[in-house]
Amino acid sequence: LILHSHDLQETLDNIVALVSKRMNSEVCSIYLLDDDGETLRLHATKGLARASVGSITMNVSEGLTGLVVEQRSVVSLENAQEHPRYKYFKESGEERYHSFLGIPMFERKSPVGVIVVQHRDPRSYTPTEISTLSTIAYQIASIVINAKLLDSIRCKDEERARLEQQLKKMHPVDVALTAEKSAAADKPAAFVGTAVSPGFATGGIYLLNRRNPLRASIVETALPPEEELHRLTMALEKARIQTIYMEKRVAERLSEEDAAIFHTHLMILEDRGFIAKIHDLVAREFGAARAVQEVVCHYIDAFSNMTDPYLQSRSADMEDIGRRIIDALDGNDAAAPQLLEKRLLVAAEILPSDLAILDLDNVLGIVTERGDVNSHAAIISRSLGIPAVVGVDGLLRSLSLKDEMIIDGNSGHIYINPVKSIKVEYERLNKDYSTRREELEGLASTPAITRDGYRISLKANIGLISDIRMAAANGAEGGGLYRTEFPFMARRQFPDRNEQQLIYSRILDGFPGQQVTFRTLDIGGDKALPYFDHPQEDNPFMGWRAIRIFLERRDIFKDQLAAIMIASAGRSSRIMFPMISGVDELLLIRAIVDEVKDELTAAGVQFNPAVPLGIMIEIPAAVQTAPLLAKHADFISIGTNDLIQYTLAADRNNAKVKNYYNPYHPAILHSIRQVAAAAASAKIPVSLCGEMASDPLSALLLAGMGISELSMASPAIPFVKQAICGTTMAAAQKVAADVLQLSGCEEVAAYLKDAGLELGIVC
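Per chain, residues are indexed from 1 in the order of the written sequence. Under the rules for a predicted model, residues below a pLDDT of 70 receive no local features and side-chain atom pairs below 80 are neither given nor counted, while totals for whole chains, interfaces and linings still include all residues. The basis for every side-chain value is the complete set of non-hydrogen atoms in the structure, without hydrogens or water.

The next subject is the confidence of the model for the protein chain. Summary of the metric used: pLDDT quantifies the predictor's per-residue confidence within the range 0 to 100. For the protein chain, the average pLDDT comes to 83, and 82% of its residues sit at 70 or higher. Note on contacts: a residue pair qualifies if any of its non-hydrogen atoms lie within 4.5 Å across the two residues. Low pLDDT, under 50, characterises residues 171-190; the stretch is placed with 5 contacts to residues that sit more than four places away or in other chains.

Below, the structure written as structure tokens:
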């Protein structure tokens with residue numbers, strides 16, 4: 001219903017009618033917040049008086065509907081009229097209805113409105129009904145957001161028109177000077193961008209999509225409007241089919257999460273408002289291609305000029321969609337470019353459709369004029385492990401097809417036709433790097449065993465399906481940390497048990513015969529779900545997050561536990577719980593796990609009842625009680641990223657306190673040693689995951705302190721393995737013993753550097 005709706009009011013009316021029918025309720029209403037953020041207004045209803053639409057308003061401090069917004073949570077009452085916040089509106093005729101269910105709607109944590117269901121007779125609402133309506137509320141919020149986007153474009157148009165009027169009043173010389181200053185400011189001083197994937201590459205270039213049909217001059221003889229409309233209809237249908245094909249192809253090559261963007265593309269291609277704008281221009285005897293160009297460019301310009309990064313990112317999607325429609329009108333298929341040899345890929349921007357059709361095996365590196373660390377180019381390059389730099393403004397104007405280039409994915413520098421001295425230096429680096437890679441490739445199938453026979457298990461941190469390929473290529477011995485929140489962050493609602501089971505099965509399939517550790521949902525702090533009602537907190541890193549959320553929301557927690565155990569039938573996995581602070585939490589978790597096992601057994605579902613249960617040590621309280629926690633855990637994993645910031649009171653994302661966030665602080669090192677000792681005493685495995693594990697010298701230190709398993713980013717595995725295989729456990733233990741006697745971060749860093757040179761460890 002939402003996909004095929006174009007008018008906001010019509011859509012809201014249809015939704016309340018549908019929900020009322022399916023819920024067998026006498027009333028379903030939708031209230032939206034006015035621009036002041038304080039006034040709720042009735043926008044659609046099934047059951048209340050039609051005349052009350054638009055006229056019933058209330059402050060968020062008034063009424064039960066206001067209470068939903070005020071509390072930012074569900075309000076469910078069997079008899080609403082007995083509640084002190086009940087407010088009666090005579091014109092609504094709602095005095096006949098007793099039960100009340102209100103669900104808030106959010107736009108990225110900000111309230112948008114409320115959907116309300118009312119029944120004549122007193123009744124309670126089930127968790128399933130509340131969950132279903134919460135999903136619907138999220139979809140309604142999306143529609144309202146899109147309507148606001150169109151309003152934003154209209155406001156930008158008005159602002160641009162006012163600016164043009166002001167320029168007309170200026171003296172021509174002033175206008176020329178303004179343009180000259182603007183051009184000078186735009187001229188880059190050097191080709192430096194944002195490094196988003198480490199490493200470097202050199203070679204010839206491949207310019208992707210040098211012709212942009214959206215920005216090119218379109219000269220055409222328009223056919224009669226009815227024929228142009230027919231061409232447009234066929235092109236839109238072709239573009240939709242291509243979009244579905246691309247989604248499936250990306251899901252197969254990378255992951256469903258990477259392919260999720262095409263859902264948005266399909267909605268835009270179905271949007272009647274978008275299509276109506278093109279139809280209007282065709283009716284004015286624009287050709288179909290020019291009409292698409294005008295409308296899409298209008299959207300692109302409007303989104304690009306917005307300050308909100310989320311809205312800016314919509315411009316890339318519009319460009320991709322417009323290009324696809326015009327190609328369909330021109331009869332051009334979205335065929336894969338023929339990269340017959342390995343080259344550097346250069347583009348204004350890597351769009352989702354490029355990801356679907358490119359032959360990525362011949363891409364040495366990626367450079368784009370636009371984009372940031374979260375752009376499609378960054379995601380692709382990190383998934384493939386190739387160097388990439390984005391945001392190199394003006395690069396395409398300086399390139400020809402015969403140019404050579406060097407990409408430095410560590411510093412973000414780009415060299416076009418570099419001088420001899422630079423080429424010689426990078427040739428040396430390339431030779432050293434190639435030699436070392438050959439050495440490391442030989443270690444891929446070799447276990448990490450010290451020269452005196454101690455084995456350290458090296459596993460991969462993974463978040464997307466596409467990470468599995470990199471893990472296997474680098475010789476990972478399994479998944480040491482699968483961040484289960486990634487699939488949740490890529491969706492519009494909580495995936496149900498069956499959806500989760502399929503995801504977890506794919507992860508386990510990617511590590512045949514190896515173990516995968518599933519960390520339960522770790523949201524809150526810097527990770528949020530747009531459809532989950534999370535309260536605003538002054539200090540979210542120390543607030544309602546991770547296991548604290550799901551010990552309260554046990555419906556979600558139990559679904560995830562069941563999905564992992566079902567997917568693990570006949571396979572090796574572990575479940576790990578983040579942000580544990582004490583034994584009481586762990587005992588409660590074990591009781592909930594037992595409940596899930598009983599429910600699955602009663603339902604006759606096959607599952608793995610012996611999945612080991614472990615905890616992440618991330619906060620000082622867990623370090624101090626590690627001996628007690630170890631008695632009730634099957635394994636322990638130390639999460640150094642959070643442990644460092646909580647122990648040192650230094651936000652890892654705050655540049656102002658960057659110097660305080662240091663893994664070599666004695667408090668961190670002694671905490672790790674204390675936890676390792678507690679695990680050894682309890683005779684359970686102890687692992688460590690975090691950036692600290694990725695450094696060869698740090699890995700050697702950790703092994704010496706008793707850590708038997710390390711989990712890290714896949715590209716770091718060969719380097720750490722080489723360090724472990726090249727030394728002895730006796731040497732690692734001496735390093736650890738010496739380091740634990742030191743009193744400062746700089747002392748530790750200097751000692752490890754000297755120890756690395758002495759042991760022949762190359763970093």
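Right, let's get into the nonpolar core. Residues Phe577 and Leu710 are the most contacted members of the largest nonpolar core, which totals 106 residues. With 9 residues, the single largest contributor to this core is helix H18 (residues 554-567). Residues contacting phenylalanine 577, with those up to four places away along its chain left out, are Thr520, Ile547, Phe557, Leu561, Ile589, Val593, Leu613, Gly614, Ile615 and Met616. In terms of nonpolar packing, the next biggest core, distinct from the first, is built from 27 residues, Leu269, Leu281, Ile321 and Ile326 among them. Note on terminology: a nonpolar core comprises buried Ala, Val, Leu, Ile, Met, Phe, Trp, Tyr and Cys residues joined through side-chain atoms within 4.5 Å. Buried means the residue's accessible area, taken with a 1.4 Å probe over protein chains only, is under 20% of the maximum for its type, while exposed means over 50%, and partly exposed covers the values in between. Comment: elements are numbered from the N terminus, with helices defined as DSSP H or I runs of at least four residues and strands as E runs of at least two.

To continue, consider the packing of helix H24 (residues 696-704) against helix H27 (residues 745-759). Here the axes come from fitting lines to C-alpha atoms, over the contacting stretch only for helices, and the angles between their N-to-C directions go from 0 to 180 degrees. With their axes 10 Å apart at the nearest point, H24 and H27 run at an angle of 90 degrees to one another. Comparing the axis directions of H24 and H27 gives the class roughly perpendicular. Mapping the contact onto sequence places Leu697, Leu700 and Leu701 in H24 and Leu752, Lys753, Gly756 and Leu759 in H27. Charged means Asp, Glu, Lys or Arg here, nonpolar means Ala, Val, Leu, Ile, Met, Phe, Trp, Tyr, Cys or Pro, and polar covers whatever is left, Gly included. Classifying every residue of the contact of H24 with H27 by side-chain character gives 5 nonpolar, 1 polar and 1 charged. Oblique is the label for any angle not under 35 degrees, not over 145, and not in the 65 to 115 range, which are roughly parallel, roughly antiparallel and roughly perpendicular in turn.

Moving on to the pattern of salt bridges. Here, a salt bridge means any side-chain nitrogen of Lys or Arg that lies within 4 Å of a carboxyl oxygen of Asp or Glu. Following the criterion strictly, the structure yields 27 salt bridges and no others. The shortest N-O distance in the salt bridge between aspartate 634 and arginine 590 comes to 3.3 Å. With aspartate 634 in the loop between helix H21 (626-630) and strand E19 (635-639) and arginine 590 in helix H19 (residues 583-602), the pair connects residues that are 44 residues apart, well separated along the chain. On the basis of relative accessible area, aspartate 634 is assigned to the partly exposed category, the value being 33%. Taking the shortest distance from any N to any O, the salt bridge between lysine 734 and aspartate 738 comes out at 2.8 Å. Here aspartate 738 and lysine 734 lie together in helix H26 (residues 729-739), a separation of 4 residues that amounts to about one turn. Residue classification places aspartate 738 among the partly exposed residues on the basis of a relative accessible area of 26%.

Among the structural elements, glutamate 485 can be located in helix H15 (residues 485-489). Nitrogen and oxygen atoms within 3.5 Å of one another constitute a polar contact, given that in protein one can donate a hydrogen and the other can accept it, and given that sequence-neighbouring residues count only through two side-chain atoms. Reaching out from glutamate 485, the side chain makes a polar contact with the side chain of arginine 519 at a distance of 2.6 Å. There is a polar contact of 3.4 Å between the side chain of glutamate 485 and the backbone nitrogen of aspartate 522.

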